[in-house]
Amino acid sequence: MPGTRTLLLAAAAAVLARRALRRRIRQAPLWPLPALEEPVSGRGRRSSTTPRRVLVTERTEPAAGVVRLRLEGVGLPPWSPGAHLDLVLPSGLVRQYSLCGDPADTDAYTVAARVLADGRGGSLEVRDQLHEGTEVEIRGPRNRFPLVDAETYVFVAGGIGITPVLPMVRAVHAAGADWRLLYCGRDRASMPFVDELEELGAGGPHGSRTAVVAEDTDGRPDLSFLADLPDTAEVYCCGPDGLMEAVTRALGRAPRLERFTAAAQEGGAFRVELRRTGATVDVAAGQSVLAAVRAEVPHVSYSCEQGFCGTCQQRVLEGEIDHRDELLTDDERHDSMLICVSRCRGDRLVLDL
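Attention here is on the structure that accompanies the text. (Residues numbered from 1 in each chain as written. Predicted model: local features only at pLDDT ≥ 70, side-chain atom pairs only at ≥ 80, totals over all residues. Heavy atoms only, no water.)

### Topic: the packing of aromatic side chains
Then step 1. Scanning the entire structure with this criterion turns up three aromatic pairs.
Then step 2. Taking 5.4 Å as the distance between ring centres and 75 degrees as the angle between the ring planes, the aromatic pair formed by phenylalanine 145 and tyrosine 236 counts as edge-to-face. Residue phenylalanine 145 is found in the loop between strand E6 (135-142) and strand E7 (152-158), and its partner tyrosine 236 is found in strand E10 (residues 233-238); the two are separated by 91 residues along the sequence. In this structure, phenylalanine 145 and tyrosine 236 share a single accessibility class: buried.
Then step 3. A centroid spacing of 6.0 Å and a plane angle of 0 degrees characterise the contact between tyrosine 153 and phenylalanine 155, whose relative ring orientation is stacked. Take tyrosine 153 and phenylalanine 155: they sit in the same class, and that class is buried.
Then step 4. In this structure an aromatic cluster arises from ring pairing among Phe145, Tyr153, Phe155 and Tyr236. (Phe/Tyr/Trp six-rings, centres within 6.5 Å; stacked < 30°, edge-to-face > 60°. Helix = DSSP H or I, 4+ residues; strand = E, 2+ residues; numbered from the N terminus. Buried < 20%, exposed > 50% of the residue type's maximum accessible area, 1.4 Å probe, protein only.)

Structure (structure tokens):
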């Protein structure tokens with residue numbers, strides 16, 4: 001085992017390295033950055049914020065297969081529980097991650113990513129390329145999953161879906177509100193923040209407020225309690241689609257949901273005319289407009305393919321849009337769409353492409 005002197009030297013070196021990273025933040029001319037190429041709506045307004053550059057100053061693994069990053073910067077916009085940001089990876093991929101740190105920490109954002117070997121590549125890039133000392137671009141934060149005032153809160157989280165829920169639990173607990181959490185996962189080792197959440201939930205009026213259900217030992221969670229909740233209870237759920245659907249059925253009304261993936265491409269076939277190129281493409285049932293258009297216009301911009309980042313936003317000249325994104329404002333939806341997820345309500349759309 002290393003001696004006391006060796007351990008002290010290692011600790012001192014770590015402190016000095018951290019200070020050096022923070023000096024880089026203060027000294028480097030990081031703001032403002034040149035804006036990434038962003039889609040412009042029909043009214044000339046950009047649909048996402050100008051990027052900022054931040055520095056990874058801490059990287060930990062709070063659970064098996066999970067990477068947590070502390071991203072420090074200067075003049076970071078404030079955020080509230082439920083918010084997320086766009087992480088612009090070194091390859092140019094844009095991925096969305098919920099903020100799971102402390103909103104009172106105005107010098108940094110904290111995000112956590114589940115590494116998926118069979119995913120679309122973003123989490124692998126986070127694992128392999130984002131280390132302490134790495135500079136990375138972000139956009140946001142934005143919040144489409146806000147925490148509202150309520151008499152009672154019930155949170156249901158599955159796996160990495162705990163990330164937007166964690167700051168909510170901290171906030172309602174600090175406020176002395178009535179709350180309970182059901183936290184589900186494959187196994188306890190893969191579930192981040194379990195210890196903190198169990199500590200927060202200890203000593204509730206009817207026992208622990210936090211129920212942790214690991215499927216390998218406990219089986220599937222029992223959601224029957226949701227049917228007995230009063231209508232005044234606010235129910236928040238984030239996790240796999242199957243869990244969110246089960247919560248909605250058990251509750252008997254729509255909870256507040258946060259999705260990490262886009263809704264399925266359900267809907268019939270229709271035709272898209274590309275006005276500037278003069279081409280017409282057929283969009284098959286279950287196919288995205290983006291996929292069909294790229295067969296004709298390979299250079300069309302896109303990134304997340306989930307309706308979150310806005311890169312694929314296109315102006316619509318004719319036709320009724322079936323909006324399925326999580327980003328555009330009501331004003332923008334009058335004459336534009338995100339072609340990665342949104343569809344046509346009729347049989348024809350005309351895009352300004």
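### Some remarks on the sheet that holds strand E18 (residues 348-351)
Adjacent strands of a sheet form backbone hydrogen bonds with each other and so pair up, either parallel or antiparallel.
Then step 1. The sheet built from five strands is open, its strands ordered E13-E12-E18-E14-E16 with mixed pairing. The sheet terminates laterally at strand E13 (279-283) and strand E16 (336-338), the two strands that pair on one side only. Neighbouring strand axes in the sheet, compared pairwise and without regard to direction, differ in orientation by 40 degrees on average.
Then step 2. With respect to the sheet, helix H7 (residues 289-296) is in contact with strand E12 (270-274), E13, E16 and E18, its orientation differing from that of E13 by roughly 145 degrees. (Pairing = 2+ DSSP bridges. Axes fitted to C-alpha atoms, helices over the stretch in contact; angles between N-to-C directions. Contact = heavy atoms within 4.5 Å.)

### Quick look at the packing of helix H3 (residues 162-174) against helix H4 (residues 194-201)
Then step 1. Where H3 contacts H4, the two axes come as close as 11 Å, and the packing angle between them is 25 degrees. Regarding the angle of H3 to H4, the classification is roughly parallel. The handedness of the crossing between H3 and H4 comes out as left-handed. Residue-level contacts link Ile162, Leu166, Val169, Arg170 and His173 of H3 to Glu196, Leu197 and Leu200 of H4. (Parallel < 35°, antiparallel > 145°, perpendicular 65-115°, else oblique. Left-handed = near helix turned anticlockwise from the far one by under 90°.)

### Here we look at the pairing of E10
Then step 1. Counting buried positions along E10 gives six out of six residues, so the element sits mostly inside the fold.
Then step 2. On E10, burial covers both faces: Ala233, Val235 and Cys237 on one face and Glu234, Tyr236 and Cys238 on the other are all buried.
Then step 3. With three bridges connecting them, E10 and strand E11 (residues 256-258) associate as parallel partners. Considered in E11, the bridge of cysteine 238 is made with glutamate 258.
Then step 4. With respect to chirality, the unit in which E10 leads through helix H6 (residues 241-251) into the neighbouring parallel E11 is right-handed. (Right-handed = clockwise from strand over helix to strand, strands pointing away.)

### Here's the deal with the pattern of salt bridges
Then step 1. One pass over the full model with this rule turns up 23 salt bridges.
Then step 2. Two residues, glutamate 318 and arginine 275, come together in a salt bridge whose shortest N-O distance is 3.1 Å. One end of the pair, glutamate 318, is in strand E14 (residues 313-318); the other, arginine 275, is in the loop between E12 and E13, with 43 residues separating them in the sequence.
Then step 3. What makes arginine 275 partly exposed here is its relative accessible area of 38%.
Then step 4. Salt bridges sharing common partners tie together Glu273, Arg275, Glu318 and Arg348. (Salt bridge = Lys/Arg side-chain N within 4 Å of Asp/Glu carboxyl O.)

### Things to note about unusual backbone geometry
Then step 1. Residue proline 141 is reached from glycine 140 by a cis peptide bond, and omega for that bond is 10 degrees.
Then step 2. Position of proline 141 relative to the elements: it lies in strand E6.
Then step 3. Phi at phenylalanine 193 is positive, roughly 70 degrees, even though this residue is not glycine.

### Describing the pairing of E7
Then step 1. Burial runs high along E7: seven of the seven residues are buried.
Then step 2. Across the two faces of E7 the burial is the same, with Thr152, Val154, Val156 and Gly158 and Tyr153, Phe155 and Ala157 all buried.
Then step 3. Across six bridges, E7 lies against E10 in parallel orientation. Paired with valine 154 across the bridge in E10 is valine 235.
Then step 4. Two strands pair when backbone bridges link them, and E7 and strand E8 (residues 178-185) are joined in this way by seven bridges, in the parallel orientation. By the bridge assignment, alanine 157 is partnered in E8 with tyrosine 183.
Then step 5. In this fold, E7 hands off to H3, which returns the chain to E8; that crossover is right-handed.

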